[in-house]
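Commentary on secondary and tertiary structure
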Amino acid sequence: MAKLSILLYPSPIIRKKSAPVTAIDGELQRFIDDMVETMYAAPGMGLAAPQVGALRRVIVLDPSDDRTAHVPIALINPVLVAGEGQIVDEEGCLCIPDLNEPVSRFKHVTVKAYDRNEKEIVLEGADLLARILQHEIDHLDGVLFIDRLSTAKRLLLKRRLRKGAQRSSPS
Ligand code: NI
């Protein structure tokens, strides 16, 4: 396995739409293993392929408290098929370090996907699991959690993030 590097906002790649996976082969299995390693090393509760520069519809996540158990969920071509209720909670993203903001999400979701054994699965999740699923599936469409904030807050943040990016860019 190999750790992949995570792209940082405002990388244009993380704004692109990812393509559906058409073959669950050895290459994809190795890629998923690398994503899992990268997620735990970050550390993060979820990771989507575009965050590591691959525009393919793959996400990995682990919402468990005991993260040393390492029981990751890998989903291929995940689709949000139902959402219910609304809940606001703090959210962050590995592409935007040191930023956490309250985001409104569905409280319960149903997601259809393929697992890494090519089995079609239906996953139901609430609260944290539901939030991670929505956040990671958004990534596959180039959507970041900052896009889900109020307009005023988003404008303010984007200005701040742009300034931060300029400061940290090498001269
Ligand atoms: Ni993210």
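Structure's up top.
Before going further, it helps to examine the overall build of the chain. The helix and strand inventory of the chain stands at three helices and five strands. Over its C-alpha atoms the chain spans a radius of gyration of 16 Å, differing by no more than 12% from the 16 Å that the globule rule assigns to 171 residues. Along the first, second and third principal axes, the C-alpha set of the chain runs to 45 × 40 × 30 Å. Relative to its 171 residues, the chain shows a buried fraction of 42%. Across the chain, the fraction of contacts at a sequence separation of at least 24, relative to all contacts at a separation of at least 6, is 64%. Approximately 9,300 Å² of the chain is accessible, and the part contributed by carbon and sulfur atoms is 54%. The chain carries 23 positive and 23 negative side-chain charges, and their two centres are separated by 10 Å.

Turning to the side chain of Arg56, a few remarks are in order. Looking at where Arg56 falls in the secondary structure, it is placed in the loop between β1 (46-48) and β2 (58-61). A distance of 2.9 Å separates polar atoms of two side chains, one belonging to Arg56 and the other to Glu27. Apart from residues no more than four positions distant in its own chain, Arg56 is found in contact with Ser18, Ala19, Val21, Glu27, Leu28, Phe31, Ala49, Pro50 and Leu140.

Taking 1.5 Å of rise per residue, 16 residues should cover 22 Å, and helix α1 (residues 26-41) covers 23 Å from first to last C-alpha, within 8% of that figure. Buried within α1 are the following residues: Leu28, Phe31, Ile32, Asp34, Met35, Val36, Thr38, Met39 and Tyr40. The inward-facing, buried residues of α1 contact β1, β2 and β3 (73-93).

Here the focus is the packing of aromatic side chains. What the rule picks out here adds up to zero aromatic pairs. Its guanidinium or amino end placed over the ring of Phe31, Arg56 lies 4.7 Å from that ring's centre, counting from NZ or CZ.

As a general point, the strands of a sheet are linked pairwise by backbone hydrogen bonds and lie either parallel or antiparallel. One open sheet accounts for five strands, arranged β1-β2-β3-β4-β5; its pairing is antiparallel. Whereas interior strands pair on both sides, the edge strands pair on one side only; in this sheet they are β1 and β5 (120-126). For this sheet, the mean angle separating the axes of adjacent strands, direction not counted, is 40°. The pairing of strand β4 (residues 96-114) with β5 spans seven bridges and is antiparallel. When the sheet's bridge partners are listed, Val111 is paired in β5 with Leu123. Of the strands in this sheet, β1, β2 and β3 are in contact with α1, which crosses β2 at around 40°. Sheet strands in contact with helix α2 (residues 127-139) are β1, β2, β3, β4 and β5, and its direction is about 95° off that of β4.

Here the focus is the nonpolar core. By size, the foremost hydrophobic cluster in this structure holds 17 residues, and its most contacted members are Leu28, Phe31, Ile32, Met35, Val58 and Val60. Looking at this core, the elements with two or more residues in it are α1, β2 and β3. Considering every element that reaches this core, the biggest residue donor is α1, with seven residues. The contacts of Ile32, once residues within four sequence positions are left out, are Val58, Val60, Ala74, Ile76 and Arg116. Ranked by size, the runner-up nonpolar core spans 15 residues in total, among them Leu129, Ala130, Leu133 and Ile137.

What counts and how
- Residues numbered from 1 in each chain as written.
- Predicted model: local features only at pLDDT ≥ 70, side-chain atom pairs only at ≥ 80, totals over all residues.
- Heavy atoms only, no water.
- Helix = DSSP H or I, 4+ residues; strand = E, 2+ residues; numbered from the N terminus.
- Rg over C-alpha atoms; globule rule 2.2 N^0.38 Å.
- Buried < 20%, exposed > 50% of the residue type's maximum accessible area, 1.4 Å probe, protein only.
- Contact = heavy atoms within 4.5 Å.
- Areas by Shrake-Rupley, 256 points an atom, 1.4 Å probe, with all protein chains shown as cover.
- Lys, Arg positive; Asp, Glu negative; His and termini not counted.
- Charge placed at Lys NZ, Arg CZ, Asp CG, Glu CD.
- Polar contact = N/O pair within 3.5 Å; in protein donor to acceptor, adjacent residues only side chain to side chain.
- Expected span 1.5 Å × (residues − 1).
- Phe/Tyr/Trp six-rings, centres within 6.5 Å; stacked < 30°, edge-to-face > 60°.
- Lys NZ or Arg CZ within 6 Å of the ring centre and 35° of its normal.
- Pairing = 2+ DSSP bridges.
- Axes fitted to C-alpha atoms, helices over the stretch in contact; angles between N-to-C directions.
- Core = buried A, V, L, I, M, F, W, Y, C linked by side-chain atoms within 4.5 Å.

Fair warning: the whole summary comes from geometry, so function is off the table for now.
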